[in-house]
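Descriptive analysis of the structure
Here are the chains, one letter per residue:
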Amino acid sequence: MPTAETVASIESIQQRIAPLQRQLQTHPLYAAIRTLPQIRLFMESHVFAVWDFMSLLKSLQRTLTSVDLPWVPTPFPQSRRFINEIVLGEESDEYQGRAISHFELYLEAMEQAGADTRVIRHLVSVARTGQLALDGVPTSAGEFVESTFQVIRHGSPAAQAAAFAFGREDAIPDMFRSFVRHLSSEIGGELDLLVWYLERHIEVDGDDHGPLALSMVSDLCGDDPALWTEAAQAAEQALRARLKLWEGVLAQIGEQQSASHE
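Just so it is clear, the structure is predicted and the values come from calculations on it, not from any experiment. (Residues numbered from 1 in each chain as written. Predicted model: local features only at pLDDT ≥ 70, side-chain atom pairs only at ≥ 80, totals over all residues. Heavy atoms only, no water.)

1. Some details on the packing of helix α1 (residues 4-25) against helix α12 (residues 225-260)
Put simply, α1 and α12 touch, their axes get as near as 10 Å, and they point 10° apart. Taken together, α1 and α12 sit at an angle that is classed as roughly parallel. The chirality of how α1 crosses α12 is right-handed. Of α12, the residues touching α1 (which contributes Thr6, Ser9, Ile10, Ile13, Arg16, Ile17, Leu20, Gln21, Gln23 and Leu24) are Trp228, Ala231, Ala232, Gln233, Ala235, Glu236, Leu239, Arg240, Arg242, Leu243 and Trp246. Split into classes, the residues belonging to the contact of α1 with α12 amount to 12 nonpolar, five polar and four charged. (Axes fitted to C-alpha atoms, helices over the stretch in contact; angles between N-to-C directions. Helix = DSSP H or I, 4+ residues; strand = E, 2+ residues; numbered from the N terminus. Parallel < 35°, antiparallel > 145°, perpendicular 65-115°, else oblique. Left-handed = near helix turned anticlockwise from the far one by under 90°. Contact = heavy atoms within 4.5 Å. Nonpolar A, V, L, I, M, F, W, Y, C, P; charged D, E, K, R; others polar.)

Dropping the structure here:
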């Protein structure tokens, strides 16, 4: 059972970030996207958030589970199980009878929609050597990735858990998913994979993932006030980074519209 102090700490973070969450849910980007070319622009930036999420997830898996030999059990078995369940779905979900990561499926969705995958594929290719190459990445997407890796490389496990729990919860409202579904049906299914990706995240998250994510934050913060402070800062930073990403995509859409009117 969570202690009164833990509940109060979680509620304090939630109150702190509530205005940022409202800004994300009502961001003008969603209403600005009305055409397939605009969807492509969105995907060409959003894919970097899909990709770097896996590094944040894997960093938490490394903390909460044992990947060394000989194996020994780690503390916090509930959080250990939670993170392993997330990894199973994100890294090796099942789509039409084949195993595939959500990132790889997103790349296929981009190709189906006619979006450019060259920059993200280059980043992944270089990442195999252990390097993070952001050349050619849209500016706001590159800043988003850098923000994620800042907490991965320099943040405590508690900060990483907070960025995951508060900053990576579903940030795409229902009305946007409904619009993408409708547009896909109108244009012959070119967005069917994107629709599946967006709806799958709602399905696999379920009602229990939110409480389990908060429990993970509590496990890793414990009764250390400094860790709770760091967790709150990481949660806010993650949401601000997402807002900047959305603002960058919105600016790109505006530039695209201006160019088409010239």
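Further notes follow.
2. Here we look at the packing of aromatic side chains
All chains considered together, the criterion is met by nine aromatic pairs. Measuring from centroid to centroid gives 5.5 Å for phenylalanine 53 and phenylalanine 164, while their planes differ by 25°, and the two rings are stacked. Here phenylalanine 164 lies in helix α8 (residues 157-167) and phenylalanine 53 lies in helix α3 (residues 36-64), a separation of 111 residues in the sequence. Cluster of aromatic residues (ring-pair linked, three or more members): Tyr30, Phe42, Phe176 and Trp246. (Phe/Tyr/Trp six-rings, centres within 6.5 Å; stacked < 30°, edge-to-face > 60°.)

3. Some remarks on the nonpolar core
Core analysis: the biggest nonpolar cluster contains 86 residues, and Ile39, Phe42 and Phe164 have the highest contact counts within it. It is α3 that provides the largest number of residues to this core, a total of 16 residues. Apart from residues no more than four positions distant in its own chain, phenylalanine 42 is found in contact with Leu29, Ile33, Tyr106, Ile172, Phe176, Trp246 and Val249. (Core = buried A, V, L, I, M, F, W, Y, C linked by side-chain atoms within 4.5 Å. Buried < 20%, exposed > 50% of the residue type's maximum accessible area, 1.4 Å probe, protein only.)

4. Side note on empty space enclosed by the protein
Taken as a whole and judged by the stated rule, the model has one cavity of 30 Å³ or more. Considered as a void within the structure, the largest cavity measures approximately 100 Å³ in volume. Forming the boundary of the largest cavity are Leu56, Phe144, Ser147, Thr148, Val151, Ala163, Gly167, Arg168, Ala234, Gln237, Ala238 and Ala241. (1 Å grid on protein atoms, 1.4 Å probe; cavity = no way out; pocket = protein on both sides within 12 Å on 5 of 7 lines; lining within 4 Å. Points joined across faces, edges and corners; volume = space filled by probe spheres on them.)

Treat this as a map of the structure, not an account of what it does.
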